[in-house]
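Fold and geometry: a report
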Amino acid sequence: MHNRQALTRAVVSACLLLVSLASMAVDTLPKGLLVLDGREAPPLVLNDLDGERWDISEARGRWLFVHFWASWCGPCRKEMPTIQAIFPKFDASQLEIVLVNTAESEDVVFTFLAEVAPDLTPLVDADGSVTEQWQPRGLPSTFFVDPEGRLQYLALGGRPWDTTEYLRFLQRLVR
Amino acid sequence: MIKQLMTGTLGSLPILAALFLTPCHAQQAPRPVPSGPWYEDDAVFIRIVQRTPEQLNAFYQGREFNQAAIDQILGTCFVTPIIHNKRFDVLWLELDNWQFSRGAQQIPRIERDYWPGKWEQSGLSQAHRSTFGWTLMPEVRDLRLDESVGGSVVIPLQSHPFTLTMNFHSGADKQGPLKTIVFKDLECIIDKP
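Let's shift gears to the state of the cysteines. Residue and element names in this part refer to chain A. Under the criterion given, the structure shown has two disulfides over all chains. Note that Cys73 is cross-linked by a disulfide to Cys76, the S-S spacing being 2.3 Å. Judged by the torsion about the S-S bond (85 degrees), the Cys73/Cys76 disulfide is right-handed.

A word on the side chain of B:Gln158. Residue and element names in this part refer to chain B. Here Gln158 is to be found in the loop between β12 (153-156) and β13 (162-170). Relative accessible area serves as the criterion here: at 15%, Gln158 is assigned to the buried category. Of the polar contacts made by the side chain of Gln158, one reaches the side chain of Arg102; its length is 2.5 Å. At 2.9 Å, the side chain of Gln158 and the backbone oxygen of Pro156 are in polar contact.

Each full turn of the α-helix corresponds to 3.6 residues, which orients residues three or four apart in the same direction. Residues and elements named next belong to chain B. Looking at helix α1 (residues 53-62), one finds that the buried residues are Pro53, Leu56, Asn57, Phe59 and Tyr60. On an axial view of α1, the arc spanned by its buried residues comes to 165 degrees, and they lie on one face. Residues of α1 that are buried in the fold lie against α2 (67-74), β6 (76-85) and α4 (126-135). Immediately beyond the C-terminal end of α1, within one or two residues, lies Glu64, with a positive phi of roughly 65 degrees.

Residue and element names in this part refer to chain B. Throughout the structure, instances matching the rule amount to one cavity of 30 Å³ or more. The space that makes up the largest cavity amounts to roughly 70 Å³. As for the largest cavity, its lining consists of Leu95, Arg109, Ile110, Glu111, Arg112, Trp115, Leu136, Met137, Glu139, Ser152, Val153 and Val154. Tallied by class, the residues present in the lining of the largest cavity amount to seven nonpolar, one polar and four charged.

Its location among the elements puts A:Ile86 in helix α2 (residues 74-86). Using a relative accessible area of 0% as the deciding quantity, one classes A:Ile86 as buried.

With that settled, consider the interface of chain A and chain B. How big an interface is tends to be stated in terms of the accessible area lost upon association of its parts. Opposite the 29 residues of chain A that make contact, chain B presents 24 residues. The contact between chain A and chain B buries some 2,200 Å² in all, and 56% of this surface belongs to carbon and sulfur atoms. Looking at the side of chain A facing chain B, the largest losses of area belong to A:Trp72, A:Pro75 and A:Arg137, adding up to 35% of the total buried there. Across the chain A-chain B interface, the total number found is three salt bridges. Close ionic contact of B:Asp146 with A:Lys31 constitutes a salt bridge, the shortest N to O distance being 3.7 Å. Here chain A and chain B share four residue pairs in polar contact (both at pLDDT 80 or more) between them. Of all the elements in the fold, those that place two or more residues in the side of chain A that touches chain B are α2 and α4 (129-134) of chain A. No other element matches the five residues that α2(A) contributes to the side of chain A that touches chain B. Broken down by class, the residue content of the side of chain A that touches chain B amounts to 10 nonpolar, 10 polar and nine charged.

Here we take up the environment of B:Leu124. All names here are of chain B. Turning to its location among the elements, Leu124 is positioned in the loop between α3 (115-122) and α4. In this structure the C-alpha to C-alpha distance between Leu124 and Asp142, which are 18 residues apart in sequence, comes to 31 Å. For Leu124, the residues in contact, after removing those within four places along its chain, are Phe65, Asn66, Ala69, Trp119 and Arg129.

Counting 70 residues, the largest nonpolar core has A:Leu44, A:Val66, A:Trp134, A:Phe144, A:Trp161 and A:Leu170 as its most contacted members. Not counting residues up to four positions away in its chain, the partners in contact with A:Trp134 are A:Ala41, A:Pro42, A:Pro43, A:Leu44, A:Ile56, A:Val66, A:Phe68, A:Phe143, A:Val145 and A:Leu151. B:Cys77, B:Phe88, B:Phe100 and B:Met166 belong to the second-largest nonpolar core, a separate cluster that totals 28 residues.

Attention now moves to the domain arrangement of chain A. Residue and element names in this part refer to chain A. Here the domain parsing of chain A yields domain 1 (1-30) and domain 2 (32-174). Run the count over domain 1 and domain 2 and you get zero salt bridges. Inspection of the region where domain 1 meets domain 2 yields two residue pairs in polar contact (both at pLDDT 80 or more). For the side of domain 1 that touches domain 2, the per-class residue count stands at three nonpolar, one polar and one charged.

About the criteria used
- Residues numbered from 1 in each chain as written.
- Chains lettered and ligands numbered in written order.
- Predicted model: local features only at pLDDT ≥ 70, side-chain atom pairs only at ≥ 80, totals over all residues.
- Heavy atoms only, no water.
- Disulfide = S-S within 2.5 Å.
- Helix = DSSP H or I, 4+ residues; strand = E, 2+ residues; numbered from the N terminus.
- Buried < 20%, exposed > 50% of the residue type's maximum accessible area, 1.4 Å probe, protein only.
- Polar contact = N/O pair within 3.5 Å; in protein donor to acceptor, adjacent residues only side chain to side chain.
- Arc of directions from axis to C-beta.
- Contact = heavy atoms within 4.5 Å.
- 1 Å grid on protein atoms, 1.4 Å probe; cavity = no way out; pocket = protein on both sides within 12 Å on 5 of 7 lines; lining within 4 Å.
- Points joined across faces, edges and corners; volume = space filled by probe spheres on them.
- Nonpolar A, V, L, I, M, F, W, Y, C, P; charged D, E, K, R; others polar.
- Buried area = accessible area lost by both parts, 1.4 Å probe.
- Salt bridge = Lys/Arg side-chain N within 4 Å of Asp/Glu carboxyl O.
- Core = buried A, V, L, I, M, F, W, Y, C linked by side-chain atoms within 4.5 Å.
- Domains from an automatic or database assignment.

Structure representation (structure tokens):
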């Protein structure tokens, strides 16, 4: 009898441990994401390819996926289709994808995106000065800005955003 | 622009010609057998991308750099490593801890502050200066676990093979093991007739 109770306790404990580990896994950041210190995001006021002005100070109340890239950068080219793939999965009022092209001409940007990410309209940092202010660790880099305008996470390099691990992270942000 | 054989501290590996765009931040992905000099152990993966002057010329022309600026670039030798930190919580990329040498002779690096004067002379736009800056290897980077970095390190053109010794501190406080990788018999590539 005692043996059976001990066994039951052991099984229940094991189950609780598994549930706990699974829960921890959900809360764990995917590979390549750094937690930032929550400082205020730098200014970001740029025109997009259609000439529309976008200002980060007017984008409070939603998470921002601020992605710096250039078409000459190999990992950027590889990553961009995964951003295109997640674009329709999120309501921009909850998670807005903000692409910032670094220092390329509008023709180059348009030609590249028309092929690999036709639904995305990037901001154009024509002389690269806004990118310099944000100080990404390289190109590509993605910052996550919370609804209060603070820097919360940084993705190191290109990430496969359309895979389960990263989608789960993005879904957790907007939950 | 660099050519020829790499030797890590743990051995030599064969080479094939390399040709692709330089990442500033290499993507994590299943790794094909690298072309060009490379080194790998359980802690780091490093490869060196080689481009000929013709390829560099095409790359910068494609980015609409003016020819005077491209000529400045072609007057130097680009060494373009890509480094992946596989094991350390922090691996310190610090270019001041790298040495280019031939025998006992040190080869000085051409540092970032060399370029603004050249761009003034050649009338290069701010956008192009920014692009060029992003193609250079950062001077210092606390490479996190599973992070990669790539970029060009520039030296004066060399007519003979040279050695690149890379020293990396490890650990957030730099108190971990010092990692040293040596690439021997590198050369500045010249276009074949």
